[in-house]
Amino acid sequence: MFYNHLIKPILFHLDPESAHHLAATFLSLSQKIPFFHKTLSSIFAYKSKRLEQTIQGIHFPNPLGLAAGFDKTTELFPTMIHMGFGFIEVGTITAKGQPGNDKPRLFRYPKHKALINRMGFNNPGADIAESNIKKQQKSGVRGINAGKSKITELENAVGDYVYTLQKLVPYGDYAVINISSPNTPGLRSLQTKKTLIDLIEGIQSAFNNKFPIPLYLKFAPDLSEEELIENLKVCLDYKINGVILTNTTLNKDVLGEKNPEEGGLSGGPLFDRSLHFVSLAYKTLQGKIPIIGVGGIDSGEKAQRMMEAGANLIQIYTGYIYEGPFLPYQICSYLDKVVKEKKLNSISELVGSGNK
C-alpha cells in the first residue's frame, strides 16, 4: 500500500530510466547507513526452512532471484541481497565499458504491466565491475551475467566473454552467458547450434575445461520449440550446468500498437511463453540440469506455476518495478504456504510437479 500510494506515483511520474537511477542512487547511499541492511532484512525478507535449497553446491535461502538488468553496475548487490531475494544476478557486464543505446530506451506499458527496453548492455565494463565487487562484503548468492561488447565482432565473441568471466568469476557463485538480448546487433545469432557450440568450446577451453563455478546459458523466447530443444541438447552434451528461460521477446502483438517501440518486451505478456519454454525444457532435460524461470512473474501464483512447470529457481524484474519492494516477501510467503498445504518437506518437491 505504501509503495503503490506514495512511492510508485513519484517514480512513475519520472521517465523509467530516471526513476531507476533515482532508486539506484538511494540504494547506493543507503549502504553507508549503519545497521541499514539488517533493518531491510527484518522488513523485506521472508524466511522459512521449507524454501531453502542447495543446488550444485550453492545454498539458496529461497528460490526467488533478482534478474540481470537491475544491477547493471554491480554496485547495488550489497543492498539488494537484503531485500528478500535468495540471490542477485548482476550485469549484464561486457568486457569493454559501454554507454548503451541512445535515450530514450526504456518504456512503460502499465496496462500490460510490461516494459520495452533497448538499453544495449549499458555497463561500466569488466575492469570497473571487478573493482566495485572487490570492495563489497559478500553476504549472499551472486550470479555474474556476461554479454558481448557491441564493438566486438561476432567472430571475436569468445575472447570478449572470456575476458569478463576471468575478471568476475572469482566473485560469483554462478555465471551466465547472455546470448539472447535483442539489443546488441547479431547477438542472438550465437543461439544457432554451430555458433553456440563454438562459443561454449571456446569458453571452456580458456578455463582448461574446468569452469570454476556453475555455468548457465540464457535463451530467448523467440526461438522455435525445435531450436530450443536443440540448444538444450547442446547444453547437456557440453556439460553446461543450467539454463535460464527466458530473456525479453521481440513479439509485441499483445500491445495492440501499429508501431511499438523497438527493443525487448518484458513483464506480464511474456509469462505464458516463458512458462511454456520452462515446461518444454523440464521435459527435455529430465532434471539433469537446473532451470531458472524468468518472465512475467509478478505474484505468488505465477511463481508457483513456474516452479510446477519445472523451474528450480525463479527471477523477477519487471514485476518488481510494478508491484514494489514487498513482492519478494509476498512471493516467498505464498510459496511457503503452498509447500505447507501440500504437506511437502521442501520447495524442491514442488519443481516439475505440474509436469508429471
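Up top is the structure.
Residues numbered from 1 in each chain as written. Predicted model: local features only at pLDDT ≥ 70, side-chain atom pairs only at ≥ 80, totals over all residues. Heavy atoms only, no water.

Colleague: Please explain the packing of helix 8 (residues 225-237) against helix 9 (residues 271-285) as it appears in this structure.
Modeller: What describes two packed helices is the angle between their axes and the distance between those same axes. Where helix 8 meets helix 9, the axes come as close as 10 Å, and the angle between the chain directions of the two elements is 45 degrees. Our classification of the angle between helix 8 and helix 9 gives oblique. The handedness of the crossing between helix 8 and helix 9 is right-handed. Residues Glu225, Leu228, Ile229, Leu232 and Leu236 of helix 8 touch helix 9, and the partners they reach there are His276, Phe277, Leu280, Ala281, Thr284 and Leu285. When the residues that make up the contact of helix 8 with helix 9 are grouped by side-chain class, the tally is eight nonpolar, two polar and one charged. (Axes fitted to C-alpha atoms, helices over the stretch in contact; angles between N-to-C directions. Helix = DSSP H or I, 4+ residues; strand = E, 2+ residues; numbered from the N terminus. Parallel < 35°, antiparallel > 145°, perpendicular 65-115°, else oblique. Left-handed = near helix turned anticlockwise from the far one by under 90°. Contact = heavy atoms within 4.5 Å. Nonpolar A, V, L, I, M, F, W, Y, C, P; charged D, E, K, R; others polar.)

Colleague: In this structure, what is going on with helix 12 (residues 327-341)? I would like to understand it.
Modeller: Its 15 residues place the ends of helix 12 21 Å apart at the C-alpha level, agreeing with the 21 Å of an ideal helix rising 1.5 Å per residue. For helix 12, the full list of buried residues reads Leu327, Pro328, Ile331, Cys332, Leu335, Asp336, Val338 and Val339. One face of helix 12 carries all of its buried residues, which in axial projection span an arc of 160 degrees. Exposed residues on helix 12 whose side chains face more than 90 degrees from its buried face are Lys337, Lys340 and Glu341. (Expected span 1.5 Å × (residues − 1). Buried < 20%, exposed > 50% of the residue type's maximum accessible area, 1.4 Å probe, protein only. Arc of directions from axis to C-beta.)

Colleague: Can you help me understand unusual backbone geometry in this one?
Modeller: Negative phi is the rule for most residues except glycine; trans is the rule for most peptide bonds. Cis geometry is adopted by the peptide bond preceding Thr92, which originates at Gly91 and carries an omega value of 15 degrees. Tracing the chain through its elements places Thr92 in strand 4 (residues 87-93). In this model, Lys103 is joined to Pro104 through a cis peptide bond whose omega is -5 degrees. Here Pro104 lies in the loop between strand 4 and strand 5 (106-109).

Colleague: Looking at this model, I keep getting lost on the sheet that holds strand 5. Mind explaining?
Modeller: Strand pairing in a sheet relies on backbone hydrogen bonds. The paired strands run either parallel or antiparallel. The three strands are arranged 5-6-11 in an open sheet whose pairing can be described as antiparallel. Lying at the two open borders of the sheet, with one neighbouring strand each, are strand 5 and strand 11 (264-267). In this sheet, neighbouring strand axes are inclined to one another by 25 degrees on average, regardless of whether the strands run parallel or antiparallel. Two elements, strand 6 (residues 114-117) and strand 11, share four bridges in a ladder whose sense is antiparallel. Bridge pairing in strand 11 links Leu115 to Ser266. (Pairing = 2+ DSSP bridges.)

Colleague: Got a minute to help me understand empty space enclosed by the protein in this structure?
Modeller: Any empty space left between atoms is shown by rolling a water-sized probe over those atoms. Per the counting criterion, the structure on display carries one cavity of 30 Å³ or more. Space inside the largest cavity adds up to approximately 40 Å³. Around the largest cavity, the lining residues are Ile55, Gln56, Ile58, Phe60, Tyr174, Pro214, Tyr216, Ile292 and Leu313. A breakdown of the residues in the lining of the largest cavity according to their chemical character gives eight nonpolar, one polar and no charged. (1 Å grid on protein atoms, 1.4 Å probe; cavity = no way out; pocket = protein on both sides within 12 Å on 5 of 7 lines; lining within 4 Å. Points joined across faces, edges and corners; volume = space filled by probe spheres on them.)

Colleague: What's the story with a nonpolar patch on the surface in this structure? I'm lost.
Modeller: On the surface, Ile43, Phe326 and Tyr329 cluster together into a nonpolar patch covering about 250 Å² of accessible area. Residue position: Ile43 is located in helix 3 (residues 36-44). Here Ile43 falls in the partly exposed class, since its relative accessible area comes to 39%. (Patch = residues over 30% accessible without salt bridge, like charges linked within 9 Å, V, L, I, M, F, W, Y side chains within 5 Å. Areas by Shrake-Rupley, 256 points an atom, 1.4 Å probe, with all protein chains shown as cover. Salt bridge = Lys/Arg side-chain N within 4 Å of Asp/Glu carboxyl O.)

Colleague: Can you walk me through the pattern of salt bridges in this structure?
Modeller: Should the charged atoms of two oppositely charged side chains come close, the side chains can pair. If you walk through the whole model with that rule in mind, you get twelve salt bridges. We note a salt bridge from Asp298 to Lys302, for which the minimum N-O separation is 3.5 Å. Put simply, Asp127, Glu130 and Lys167 are held in one network by salt bridges that share partners.

Colleague: Is there a simple way to explain the packing of helix 7 (residues 193-206) against helix 8 in this structure?
Modeller: Relative to each other, helix 7 and helix 8 sit at 25 degrees, their axes nearing to 10 Å. Taken together, the axis directions place helix 7 and helix 8 in an arrangement best described as roughly parallel. In this structure, the crossing between helix 7 and helix 8 has a hand that is right-handed. Between helix 7 and helix 8, the residues in contact are Lys193, Leu196, Ile197 and Ile200 and Glu230, Asn231 and Val234, respectively.

These results come straight from atomic positions and should not be treated as a statement about function.
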